[in-house]
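Chain and residue survey
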Amino acid sequence: MKVYLILENGAVFEGESFGAAGDVTGEVVFTTGMTGYLETLTDQSYHGQIVVQTFPLIGNYGIIPPDFESNCIAVNAYITKYPCQTPSNFRNEGSLGAFLQQHGIVGLCGIDTRALAKTIRTQGVMNGKITTTPPTQADQADAAAYAITNAVAAVSSREIVKQGAGTGHRVALLDFGAKRGIAHALEARGCEVWTFPHNATAAQIMAFNPAGIMLSNGPGDPAEPANAPIIQTIAQLESKGLPIFGICLGHQLLALAQGHTTRKLKFGHRGANQPVKDLATGRVYISSQNHGYEVVAPNSSFVNVNDGSCEGLDYGKSFSVQFHPEARGGPLDTMFLFDRFVERMNAHAAE
């Protein structure tokens, strides 16, 4: 079945359906990962977006539920050049196309994904609409009118949950759309992890007597009005003097709580090959990233080698990074940041 993508600038890409059929609108973004498509599909930071894979062949190792980063697919729709129909892996439980169809996610294949990615790179991220009928000006208008709002509330957990049975530091993980890998990395270091909804108050969190606060990744514009209560809660938690570690959206919200600002990037950083430089040592690490906004602040601890944008901030006890040190999927270069968090909790406990 023929399927069309129309961008808000009027560009049309014709392809075929390989997931669920239907019309869907979203913000069109591209990711450069050659692997990790399962983590991409289930990463809640992609909420509201139509994701394009720049690597042409996707799905060759099938569907592996233990690799999921959440319980549901986050993307509005999924685009790849060649979806693999006959995956091969000893853990495989089905094909990518069948998986998308099962979960009602529109899939589009067979288009010139290179041309689409180059359009986004040159003109910037824009909205698009996937439709099963030849697109019209009305479809273009639908795409242009789309907006991602109240994103964190849409993906955050609804209750307080304990994860793991660690005997080390108790960590309060604020869930803004958290990837499972964050909690797993903390548990691997002996931490007892308590996950809190996005709207938990500082008093509710402090009642659990945490040794540190973890601010997770998540979707949407960090400065949208709906996030104002979260930013206020983070400021209140920081006043308690506990170590705080922020990742991705958590990094941005912590910066806003500190009085910094954020702005939208032209096409964002999404993939597993983003180089970041540690300004304290001069060392460059390859990182996994998924974000469309950057923090505007002086004295970055890490910067993106490609465009010079802020990739990290250090406030003393608290620190944050724009990239994903939990690295699901890969690389593992910056996992040491979780050790740094534990060290700062150790130092705080010793005060």
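Located above this text is the structure these notes cover.
Scoring rules and cut-offs
- In this numbering scheme, every chain counts its residues from 1 along its sequence in written order.
- Local features in a predicted model are, by the rule used here, given only for residues with pLDDT of at least 70; side-chain atom pairs are given and counted only at 80 or more, and totals for whole chains, interfaces and linings are based on all residues.
- The side-chain values count all of the structure's non-hydrogen atoms but skip hydrogen atoms and water molecules.
- A pair of strands is treated as paired once DSSP finds two or more bridges between them.
- The way it works is that DSSP assigns letters per residue, a run of H or I at least four long becomes a helix, a run of E at least two long becomes a strand, and they are numbered from the N terminus.
- Convention adopted: a line fitted to C-alpha atoms gives each axis, helices being fitted over their contacting stretch, and angles between N-to-C directions are expressed from 0 to 180 degrees.
- To pair, rings of Phe, Tyr and Trp, with the six-membered ring standing in for Trp, must have centres within 6.5 Å; the planes then decide the type, stacked if under 30 degrees apart, edge-to-face if over 60, and tilted in the middle.
- Each residue gets one of three labels from its accessible area relative to the maximum for its type: buried under 20%, exposed over 50%, partly exposed in between, using a 1.4 Å probe on protein chains only.
- Here, a salt bridge means any side-chain nitrogen of Lys or Arg that lies within 4 Å of a carboxyl oxygen of Asp or Glu.

What to know about the sheet that holds strand β12 (residues 192–196)
The strand order across the open sheet formed by 10 strands is β10-β12-β11-β13-β14-β19-β18-β17-β15-β16, and the pairing between neighbours is mixed. Looking at strand neighbours, the two that pair on one side only are β10 (161–163) and β16 (284–296), the edges of this open sheet. Here the average twist between neighbouring strands, direction ignored, is 25°. Pairing analysis gives three bridges linking strand β18 (residues 310–314) to strand β19 (residues 319–321), with the strands arranged antiparallel. Counterpart to Asp 314 in the pairing with β19 is Phe 319.

Section: the packing of aromatic side chains
The tally for this structure, following the rule as stated, stands at 10 aromatic pairs. Pairing Tyr 285 with Phe 336 gives two aromatic rings, centres 5.3 Å apart and planes at 45°, and the pair type is tilted. Highlighted residues: Tyr 285 in strand β16 and Phe 336 in helix α10 (residues 336–349), separated in sequence by 51 residues. Among the aromatic residues, ring-to-ring pairing joins Phe 245, Phe 319, Phe 338 and Phe 341 into one connected group.

A word on the pairing of strand β1 (residues 2–7)
Summarising burial for β1: five of the six residues are buried, a large majority. Of the strand pairs in this sheet, β1 and strand β2 (residues 12–17) are connected by five bridges, and their pairing is antiparallel. From the neighbouring strand, Val 3 faces β2, where its bridge partner is Gly 15. Between β1 and β2, which follow one another and run antiparallel, lie four residues, and Gly 10 among them has a positive phi close to 100°. As judged from the four bridges shared by β1 and strand β9 (residues 126–131), these two strands associate in the antiparallel manner. Paired with Tyr 4 across the two strands is Thr 131, which belongs to β9.

Considerations on the pattern of salt bridges
Within the structure shown, the criterion is met by 12 salt bridges. In this structure, the salt-bridge partner of Lys 2 is Glu 14, at a minimum N-O distance of 3.2 Å. Of this pair, Lys 2 sits in strand β1 while Glu 14 sits in strand β2; the two residues are 12 residues apart in sequence, bridging distant segments of the chain. Across the salt bridge formed by Arg 170 and Glu 192, the nearest N and O atoms sit 2.6 Å from each other. Of the two residues, Arg 170 sits in strand β11 (residues 170–174) while Glu 192 sits in strand β12, which places them 22 residues apart along the sequence.

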